[in-house]
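Okay, here's what each chain looks like letter by letter:
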Amino acid sequence: MASTAGLQTSHGHWFNTTLTSSQSHLCFRYSFPRPPAGDFLECSPPRRSRRCSYAVAAAIVVEKLGQGRSLGPSLPVSRRSRDGFLARRGRQQLAAAPCGSAVEGAGAAPATDRFAKTLTILPKPGGGEYGKFYSIPALNDPKIDKLPYCIRILLESAVRNYDNFQVTESDVQNIIDWEKTSPKLAEIPFKPARLVLMDNTGGPAVVDLAAIRDVIAELESDPKKINPLVPVDVVIDHSVRVDVAKCADALKQNMDLEFSRNKERFSFFKWASSAFNNMLVLPPGSGILHQVNLEYLSRVVFKADGVLYPDSVVGTDSHTTMINSLGVAGWGVGGIEAMAAMLGQPMSMVLPGVVGFKLTGKLQDGVTTTDLALTLTQMLRKHGVVGKFIEFHGEGVGSIPLPARATIANMTPEYGATMGFFPVDQVALDYLRLIGRSDETVSMIEAYLRANNMFVDCNEPQTGPVYSSDLELDLTTVEPSVAGPKRPHDRVPLKEMKSDWHACLGNEVGFKVKPWVKTSLAPGSLVVTKYLEHSGLQEYLNHQGFHLVGYGCTTCIGNSGDLDKSLSDAIVDNDVVVVAVLSGNRNYEGRVHPLTRANYLASPPLVVAYALAGTVDIDFENEPIGIGKDGKEVYFKDVWPTNEEIEQVIKSNVLPKMFVDTYGSITEGNDAWNNLVVPKETLYPWDPKSTYIHKPAYLENITMTPPGPPSVKDAYCLLSLGDSITTDHISPSGVIKPGTPAAKYLLERGVKPENFTTYGSRRANDEIVVRGAFANIRIVNKLLEGEVGPKTVHVPTGEKHYVFDAAMKYKSEGHDMVILAGDEYGAGSSRDSAAKGPLLLGVKAVIAKGFERIHRSNLVGMGIIPLRFKAGEDADSLNLSGHECFTIDLPRKITEIRPGQDVTVTTQNGKSFTCTLCINTQVELEYFNHGGILPYLIRKLA
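All of the points below concern the structure found in this document. It should be emphasised that the depicted structure is a prediction, and the values quoted were computed from it without experimental measurement.

Structural notes on the overall build of the chain
Each helix and strand counted, the chain has 31 helices and 34 strands in total. Relative to its 942 residues, the chain shows a buried fraction of 65%. Surface exposure of the chain reaches about 31,600 Å², of which carbon and sulfur atoms provide 49%.

Shown next, in the form of structure tokens:
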């Protein structure tokens, strides 16, 4: 048996352990927030809290083993000043605001503003003023008091950005009337205050931005006007890989390998940081995007040129929702939507329903935040929350520290919602002081939120908000759990884990390989290293092989590194079922490692426990983890730390100076980054020999005339898929395997197999994106009749090919292509390559039982038609074998198409069925008419 495990702290931060049949891989990700703009030098000493409690708990488990409880040897276990930079970015953002503002400053509205009367002074308690703000109570509408807090943020944005063009009075009124308009799927615009990008999904967006400059120049316009109009932060955190582990210099070796493999990518990012205004790039080794966003980039309340308004953010990672824990509205979008927002376009969205989730009671001792998050995920998945906001309320919320809220919010994509929102309360304010925000800044935030009815007191009765539906959980009923083996919402009580594992095996295979562990430690922040070393806990982690290997995402995105070849061969040759246990949030089949078929999510201390046990085939309550040096059996209860032990370690070792030192130099980079030499040109000098950065084919030959809706006639089915096809299946992030179309492409260009790296790291090359489409080795295509893997059938000949090769054959023959799919198509990460890949293959439409929110939007953004089967129908019920030819009866004039209309699909043998067109808004129709968002933007900007 092989097993992989990973730990997530109470912050939603990571302590990931990968246990394979020969190895255990442990990654630790954690970091601390930063002050908002203008507050960098006002850092009051942070107070310590339980935010790192589960990280410390995991380390204490290891420490106890080093204090006479250890197991026997048989189980091895820059670029510029940040505040000055943000000040400049604030001014650039103002320059993009409407002219003739009533109040000069960010977010100020035109002089003719219908809502100018709401612009109000926010006084300071001792005299003077904090600034001005658009007052929601000044609208004098009693319906506002019934709005959920998350909807009030949308309302404030609409009032502040009103210009009677992009944002109209009817948009404002629709939000006020949310209780009535949300069920009718009313469309509203939303302008986020800022964007965050990570390198794997954000990199292609920046490549698109560079390519748009080229197109603008080709259309004889000025390419220099192509710049982000809102602040954009890029964090390079997805390129580190655990090639070296279990040694003291693993960090240096892995970072050297990271830079040698990714030099082209990193050079491009560094070029972008100086070529584009309003863009900050944090180099490799800075930490993980979501931690940096929560602890360093977040404002909670913006203040720019005297105007106050709520912080809001969208990001090219579905777990951007972690910021919801701090009362900041934010969610994941595809790179395509992010590009539109970057260039000043409002995001068109359907006014969401809001599920009110009432929490009561308090977690029992020994129950972790991860246990709670997995319980909530299971409940919300069962309730059905796709496309909805979740707002947590009730007296139980007050007992949940902000780091724990971050874990819950971070799981939002796993329970299917758009946001998992915690309104700002006293816990949030205490947290801001804890991480160094000045008293004046926190007082300003509190005063603004109270004045605008956006602050909540969990200890007082909640009589205001009305929700679309309601759920409730008594926290005292939450029990230790894991989730898996293939989906994050399949919760398994810890006491039932052993039987669940045996059910996974199905009595087909036994444990043919002796368990052993690959250990490594990859924090999300340099602060973690400092407090682990200061406390002495790192010594015990090193003793067990959990040496520092790098800073960034590793295990949960497939960068866990290779297994020993003898182990890999044994797994393949003997068809061994191997398992991963990780404290991340993604446990889809094959994601952590191609050979792990079962994957369980668990809390950080549990992951350490499984690492020490070396197997998941254990009942922790009744079976020992191992044998101690004294020959006695060591049980789970013997090494599990008490809350008091955890608190004592935190109080003594988590020090304010660690935060100040770490974040005071975060933009300075490192020697490898600073030594990169990059071009100075406005237009990026594309290198035709580069296998990482490539000018995308979908931005070639663009004219000023929109192409109109595409026709789909006699299209062949490229793949016929079932339920829960994730973006990992559609566009995998993992290692490029020899023999695949992507590998052949790289070999032809002189790249050695050891330097293939991953699909994720090469997504800025559309030639890899198209060859990586549906390249997941675990994808199940019904056309293959039981065979698993990235191939399909060329229907006219019956020949089996890799999906890429079959698609190229269809294209050469002049045939259109469609995809048939089940429910939850496109679940998982918010990667736009999962839409770009099918487009480049030649796919014209996806006909599915249901779509994940972000992926549906990405399909529309790339000009692919998303069609949903009618309720109660799917490919199986309609007896669609996938060998048919499909014609979609869609009008060729965009004026004859309306959002959500019925569309008839017919086959060559006379079968006919009706689908719903999953284009939700008029704005999306406009994008669709232009062939996607990017061509639309180019024509508007040229």
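There's more to say after this.
With respect to the environment of Asp-723
Relative to the elements of secondary structure, Asp-723 occurs in the loop between strand E26 (712–720) and helix H24 (727–730). C-alpha of Asp-723 to C-alpha of Asp-823: the two residues are 100 residues apart in sequence and 4.6 Å apart in space. Residues contacting Asp-723, with those up to four places away along its chain left out, are Gly-822 and Asp-823. A polar atom in the side chain of Asp-723 sits 2.7 Å from the backbone nitrogen of Asp-823.

Considering the packing of aromatic side chains
Under the counting rule described, the total for this entry stands at 22 aromatic pairs. A ring pair is formed by Phe-392 and Phe-422, whose centres lie 4.6 Å apart and whose planes are at 15°; its orientation type is stacked. One end of the pair, Phe-392, is in strand E17 (residues 389–393); the other, Phe-422, is in the loop between strand E18 (419–421) and helix H13 (426–434), with 30 residues separating them in the sequence. Taking relative accessible area as the criterion, Phe-392 reaches 2% and is therefore assigned buried. For Phe-422, a relative accessible area of 0% translates into the label buried. Through a chain of ring-to-ring contacts, the aromatic side chains of Phe-268, Phe-269, Trp-271, Phe-276, Tyr-684 and Trp-686 assemble into a single cluster. Positioned above the aromatic ring of Tyr-149 is the side chain of Arg-152, whose terminal nitrogen or guanidinium carbon lies 4.3 Å from the ring centre. Positioned above the aromatic ring of Tyr-802 is the side chain of Lys-791, whose terminal nitrogen or guanidinium carbon lies 5.0 Å from the ring centre.

Thoughts on empty space enclosed by the protein
A volume near 250 Å³ is recorded for the largest cavity. Forming the walls of the largest cavity are 21 residues, and the residues nearest its centre are Gly-590, Pro-594, Pro-732, Gly-734 and Val-735. Its residues placed into classes, the lining of the largest cavity shows 10 nonpolar, seven polar and four charged. Structurally, the lining of the largest cavity is a two-domain feature, drawing no fewer than three residues from each of domain 1 (56–64 + 480–654) and domain 5 (697–940).

Calculation notes
- Residues numbered from 1 in each chain as written.
- Predicted model: local features only at pLDDT ≥ 70, side-chain atom pairs only at ≥ 80, totals over all residues.
- Heavy atoms only, no water.
- Helix = DSSP H or I, 4+ residues; strand = E, 2+ residues; numbered from the N terminus.
- Buried < 20%, exposed > 50% of the residue type's maximum accessible area, 1.4 Å probe, protein only.
- Areas by Shrake-Rupley, 256 points an atom, 1.4 Å probe, with all protein chains shown as cover.
- Contact = heavy atoms within 4.5 Å.
- Polar contact = N/O pair within 3.5 Å; in protein donor to acceptor, adjacent residues only side chain to side chain.
- Phe/Tyr/Trp six-rings, centres within 6.5 Å; stacked < 30°, edge-to-face > 60°.
- Lys NZ or Arg CZ within 6 Å of the ring centre and 35° of its normal.
- 1 Å grid on protein atoms, 1.4 Å probe; cavity = no way out; pocket = protein on both sides within 12 Å on 5 of 7 lines; lining within 4 Å.
- Points joined across faces, edges and corners; volume = space filled by probe spheres on them.
- Nonpolar A, V, L, I, M, F, W, Y, C, P; charged D, E, K, R; others polar.
- Domains from an automatic or database assignment.

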